Amino acid sequence: MRTPYIAGNWKMHMNRAEARDLAAQLRELLAPVKHRIMVAPPFTAIETVAVTLQGSNIMVGAQNMAPALNGAHTGEISPLMLKDAGATVVILGHSERRHSYGEGDGLINEKVHLALQEGLEVILCVGETLEEREAGRVDAVVEEQLAGGLREIGASLLPRVTIAYEPVWAIGTGKTATPDDADSVHGTIRRIFTELYNSEEAEKIVIQYGGSVKPDNVKGLMSRDNIDGALVGGASLKVDSFGPIVQFNS
Ligand code: PGA
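In short, a report on the structure. On a predicted model such as this, the values are computed, not experimentally measured, just so you know.

Quick look at the packing of helix α7 (residues 138–149) against helix α8 (residues 179–196)
Inference 1: Between α7 and α8, the shortest axis-to-axis distance is 10 Å and the interhelical angle comes to 45°. Taken together, the axes of α7 and α8 lie oblique to each other. Every pair of crossing elements has a handedness; the one defined by α7 and α8 is right-handed. Touching V138, D139, V142, E143, L146 and A147 of α7 are V185, T188, I189, R191, I192, F193, E195 and L196, all from α8.
Inference 2: Class assignment for the residues of the contact of α7 with α8 results in nine nonpolar, one polar and four charged.

Below is the structure:
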């Protein structure tokens, strides 16, 4: 009953010509796909990609946004600007934002509120570092990030929220959580949703796995009960790898 959802995070890659090219190839290849697909180009290529994908089954997202609509925020991008450029989704709380740019749950929560208020969909990323995993703190970290990031977000807004579980040690490292490991944390996330909301919301929430997802490991991950999708970094930059990941079930 949960629709699979595969998203590509292009991070700081692709100029506009490259982005247009990749988007056009994906548009053609993925036209028959029935589940949800999203790509998140860097800010400068959002409009180009949105124009290229207009009327297709691929949504366009941003990788971050400011916690404000406008004003004196040098270097930041407003959700109004994202919508103006053609984005309908925003990734928030990515571990690179948390760990390289010092974003904490309070700031991420402000962004989640504003994005939802502005009608955007949100992918909220959570996940532990290697040290936290080794210290046996996976559940505690994920719980803290979910409770913090979703603070005062009412259940009526959850249809526009997706959770991405991205263990930090698996991002861009070639190390993937095993399907068992990932499925067990996804199960924990559903239990946390039962506590934060109720069992119906826990059953409905779409949870992506992220961290070195590749064409050869996507099937194993997607076959697990609690894994509903993937947030793909490196392998989303090429049609030859993102294509088969999106088409994991064909
Ligand atoms: P990766 O990145 O697939 O390159 O590990 C995932 C992510 O950071 O979203």
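Concerning the nonpolar core
Inference 1: Core analysis: the biggest nonpolar cluster contains 68 residues, and I163, I189 and F193 have the highest contact counts within it.
Inference 2: Formed by twelve residues, the second largest nonpolar core is a distinct cluster that contains Y5, A7, M59 and I91.

Digging into the side chain of H35
Inference 1: Along the chain, the position of H35 falls in the loop between α1 (16–30) and β2 (36–40).
Inference 2: The residues touching H35, leaving out its near neighbours within four places in the chain, are T3, P4, I6, V246, F248 and N249.

Concerning the pairing of strand β1 (residues 5–9)
Inference 1: The element β1 is extensively covered by neighbouring structure, given that five of its five residues are classed as buried.
Inference 2: Pairing between β1 and β2: five bridges, direction parallel. By the bridge assignment for β2, A7 is matched with M38.
Inference 3: For the crossover from β1 across α1 to β2, the handedness is right-handed.
Inference 4: Pairing of β1 with strand β8 (residues 229–232) involves four bridges; the strand directions are parallel. Across the sheet, residue Y5 finds its bridge partner in β8, namely G229.

About the cut-offs
Residues numbered from 1 in each chain as written. Predicted model: local features only at pLDDT ≥ 70, side-chain atom pairs only at ≥ 80, totals over all residues. Heavy atoms only, no water. Axes fitted to C-alpha atoms, helices over the stretch in contact; angles between N-to-C directions. Helix = DSSP H or I, 4+ residues; strand = E, 2+ residues; numbered from the N terminus. Parallel < 35°, antiparallel > 145°, perpendicular 65-115°, else oblique. Left-handed = near helix turned anticlockwise from the far one by under 90°. Contact = heavy atoms within 4.5 Å. Nonpolar A, V, L, I, M, F, W, Y, C, P; charged D, E, K, R; others polar. Core = buried A, V, L, I, M, F, W, Y, C linked by side-chain atoms within 4.5 Å. Buried < 20%, exposed > 50% of the residue type's maximum accessible area, 1.4 Å probe, protein only. Pairing = 2+ DSSP bridges. Right-handed = clockwise from strand over helix to strand, strands pointing away.

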